[in-house]
Amino acid sequence: MARMKRYMLYALTIFSTICFCFANSSLYAEGNISLTLIPPSPVTDQIILDIRAGIWNKSDLSENVSISIYLDKKEPSKMLYEKSISLKPNSKVGVRFDWPTKGQAGRHTIILVVVKNDSTYETERTLQILESDVISTKAIGGAWIDFYHWSEIEGERFNQDLKKMTDKEWGKLVEDMHQLKMNTIVIQEVFRNQMIYDKHTIETDGYKGLSFYPSSLYPNRMHIGAKDPVNAILTAADQKGLNVFLGVGLYAWFDFTAGSLDWHKRIASELWNKYGHHPSFYGWYVSEEIEGGLGNPQQRKNIVSFFEEFKTYIYSLTPDKPIMLATNCHNLRGAEATYDLLLPNLDILCPFGFERMPKGDITGIEAAIKLDSLCKRSGTHLWMDMEIFNFTSNGALIPRPFSEIKDALNQFTDFEKIICYEYTGLLNSPKMSIKPGGKPTIKLFTDYKKYIKKVIK
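Quantities reported herein were computed from a predicted structural model and do not represent experimental measurements.

Caption draft 1: Geometry of the overall build of the chain. Scanning the chain for helices and strands turns up 12 helices and 21 strands. Against the compact-globule benchmark of 23 Å for 457 residues, the chain has a radius of gyration of 21 Å, which places it among compact chains. Expressed along its principal axes, the backbone C-alpha trace of the chain runs to roughly 65 × 55 × 45 Å. Residues counted as buried form 61% of the 457 residues belonging to the chain. Of the roughly 18100 Å² of accessible surface on the chain, 53% is carried by carbon and sulfur atoms. Looking at charge distribution, the chain has the averaged site of its 54 positive side-chain charges lying 5 Å from that of its 53 negative ones.

Caption draft 2: Representation of the pairing of strand S14 (residues 281–286) in the model. Counting buried residues along S14, 6 of its 6 residues qualify, which places the element largely inside the surrounding structure. Looking at chain direction, strand S13 (residues 243–248) and S14 are connected through 5 bridges and run parallel. The residue bridging Leu246 from the neighbouring strand is Trp284, located in S14. One crossover worth recording links S13 to the parallel S14 by way of helix H7 (residues 258–275), and it is right-handed. Note on the crossover from S14 through helix H8 (residues 297–317) to strand S15 (residues 323–325): the handedness is right-handed.

Caption draft 3: Examining the pairing of S13 more closely. Of all the 6 residues making up S13, 6 are buried; the element is thus mostly covered by neighbouring parts of the structure. Side chains of S13 alternate between two faces, with Asn243, Phe245 and Gly247 and Val244, Leu246 and Val248 buried alike.

Caption draft 4: The arrangement of a positive patch on the surface in detail. Residues Arg107, Lys181, Lys453 and Lys457 make up a contiguous surface patch of positive charge. You can see Lys181 is positioned in the loop between helix H4 (167–179) and strand S10 (184–187).

Caption draft 5: Representation of the packing of H7 against H8. In contact at an axis separation of 10 Å, H7 and H8 are set at 20° when each is read in the N-to-C sense. Accordingly, the angle class assigned to the pair H7 and H8 is roughly parallel. Note on packing geometry: the crossing formed by H7 with H8 is right-handed. Between H7, through Ser260, Leu261, His264, Lys265, Ala268, Ser269 and Trp272, and H8, the contact on the second element is made entirely by Phe306, Glu309, Phe310, Tyr313, Ile314 and Leu317. Residue composition of the contact of H7 with H8, by class: 8 nonpolar, 3 polar and 2 charged.

Caption draft 6: View of the side chain of Asn183. Of note, Asn183 is situated in the loop between H4 and S10. At 2.9 Å, the side chain of Asn183 forms a polar contact with the side chain of Thr184. Those residues in contact with Asn183, other than ones at most four positions away along the chain, are Pro40, Ser41, Pro42, Gly141, Leu242, Asn243 and Lys417.

Caption draft 7: Seen up close, the sheet that holds strand S9 (residues 142–145). The 9 strands are arranged S17-S16-S15-S14-S13-S10-S9-S21-S18 in an open sheet whose pairing can be described as parallel. Since the sheet does not close on itself, it has two edges, and those belong to strand S17 (381–382) and strand S18 (384–387), each with one partner. Bridge count for S18 against strand S21 (residues 418–421) is 4 bridges, and the pairing is parallel. If you follow Asp385 over to S21, its bridge partner there is Ile419. Contacts from H4 reach S9 and S10 within the one sheet, and its direction differs from that of S9 by about 160°.

Caption draft 8: Fine view of the packing of aromatic side chains. All chains considered together, the criterion is met by 31 aromatic pairs. Relative to Phe212, the ring of Phe147 has its centre 5.6 Å away and its plane inclined at 45°; by these criteria the two rings are tilted. Linking Phe147 in the loop between S9 and helix H3 (159–164) with Phe212 in the loop between strand S12 (210–211) and helix H6 (229–240), this pair joins segments that are 65 residues apart in sequence. The two residues Phe147 and Phe212 agree in class, both being buried. Taking 5.4 Å as the distance between ring centres and 70° as the angle between the ring planes, the aromatic pair formed by Phe354 and Phe415 counts as edge-to-face. One end of the pair, Phe354, is in the loop between strand S16 (348–349) and helix H10 (364–378); the other, Phe415, is in the loop between helix H11 (402–411) and S21, and 61 residues separate them in sequence. Side by side, Phe354 and Phe415 carry an identical accessibility label, which is buried.

Procedures and definitions
Note that residues are indexed from 1 along each chain, following the sequence as it is written. The model is predicted, so local features are restricted to residues of pLDDT at least 70 and side-chain atom pairs to those at 80 or more, both for listing and for counting; the totals for chains, interfaces and linings are taken over all residues. The side-chain quantities take in all heavy atoms of the structure and omit both hydrogens and water. Here a helix means four or more residues in a row that DSSP labels H or I, a strand means two or more in a row labelled E, and each is numbered from the N terminus. C-alpha atoms define the radius of gyration, and 2.2 Å times the number of residues to the power 0.38 defines the globule rule. Accessibility here uses a 1.4 Å probe with only protein chains present; expressed as a share of the type maximum, an area under 20% marks a residue as buried, one over 50% as exposed, and anything in between as partly exposed. Computed with the Shrake-Rupley method and a 1.4 Å probe, the accessible areas treat only the protein chains shown as cover for residues. When charges are counted, Lys and Arg are positive and Asp and Glu negative, with His and the chain ends excluded. Think of each charge as sitting on NZ of Lys, CZ of Arg, CG of Asp or CD of Glu. Being paired, for any two strands, means DSSP has found at least two bridges between them. Consider the strands pointing away from the viewer: the crossover is right-handed when the path from the first strand over the helix to the second runs clockwise. What makes a patch is a set of residues exposed beyond 30% relative accessible area and free of salt bridges, joined within 9 Å when like-charged and within 5 Å when nonpolar (Val, Leu, Ile, Met, Phe, Trp, Tyr). Salt bridges are defined by distance alone: a side-chain nitrogen of Lys or Arg within 4 Å of a carboxyl oxygen of Asp or Glu. Throughout, an axis means a line fitted to C-alpha atoms (over the contacting stretch in the case of helices), and angles, computed between N-to-C directions, take values from 0 to 180 degrees. Here the word oblique covers every angle except those under 35 degrees (roughly parallel), over 145 (roughly antiparallel) and from 65 to 115 (roughly perpendicular). It is the rotation of the near helix from the far one that decides the hand of a crossing: anticlockwise by less than a right angle makes it left-handed, clockwise makes it right-handed. Residue contacts are counted whenever heavy atoms from the two residues lie within 4.5 Å of one another. Throughout this entry, Asp, Glu, Lys and Arg are counted as charged residues, while Ala, Val, Leu, Ile, Met, Phe, Trp, Tyr, Cys and Pro are counted as nonpolar. The remaining residues, Gly among them, count as polar. Two N or O atoms form a polar contact when they lie within 3.5 Å of each other; inside protein one atom must be a possible hydrogen donor and the other a possible acceptor, and for residues adjacent in sequence the pair counts only when both atoms belong to side chains. The aromatic pairing rule takes the rings of Phe, Tyr and Trp, using the six-membered ring of Trp, and pairs them if the centres are within 6.5 Å, calling planes under 30 degrees apart stacked, those over 60 edge-to-face and the rest tilted.

Written as structure tokens, this is what we have:
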């Protein structure tokens, strides 16, 4: 159980220009349009880019909407997508299409233009496409962040320092991630609740988890130094152009029951209402995790039903923002039929644990091949949750030597994006005032910084 995202004609132009620096989607142009690239830049020329747009009608009248998406220039010959729709009052809609990156190496701009009645809205995303012979960029494109590690044993070397970090220091951490050319942050969870599926009484006794942000639904807080680290992360990410997944959890580990679904809907709504204005708000991460076999027969039924309903609900809030789940890659044999039902309702599957397969299981490479095949069948994006830690003899997490991480980056090349677990406690800039995990984390930071400067230029 390891572990556990632009003011009047002249001002509008300035407004749009500012927004263009952000690499992720948000409600730009006064909350009227949104543009998302999956995966976010940089990517290789070996993938199919998933381009999505969200369009909002905030009026009490229907609107005729024309949607155009261009590559680099707003010219007919550069149009990638075009559609006209009628949008009902006080509603929203999402559109998407796939665009192969083959033969498109270089720096580009994806431009969204939406005409609604007599008004025109625009936003854009920059896109770097790397020439490659494999899917992966061979780079760590982002990382998980824990405000306080779930396990006192695993977090023994850094939890007390994480507890001391202020909002300002969380913002500095995001700036340091930007130095490593990491453009994606996954907030592990916004609530702490160390309950487990089928071993809790939440339905009868109520939810008693502690929040990492000022929640109106559940006001009891985790005792940490930061007042609103979620907002601190998003604000810093806005300024640096990073993409942030908000971890909607934790209800209870491995719990995808009806009670968990209802809780997730209410938390997602609160998070969107509270933080949806941030340009860096990129997507949704469901924190509950589960092993690669997807549990017992009842758990398999639960997880399929959960994501069928959760996807519908999330798209009604944010029609262009992806949903991601991290599972481990163990015990996949026999779970294929459940994956075929689950994956169509997941935008991104981000599995972990490839280098610590259980005895008697398939190899990590075989697991990667199997998951790639399953995701291709459903059109789900396959990312990798790369573990950058080793365990001490007593189970504490320590930074993994970069030589081993580099070997893994060169071995697992069929993932369109690699996110590492985790930044907090395992990576630190020498300039951080608090360095959770100490000197070894600084060495890993400096070693990787030297590497990434050569890989992505």
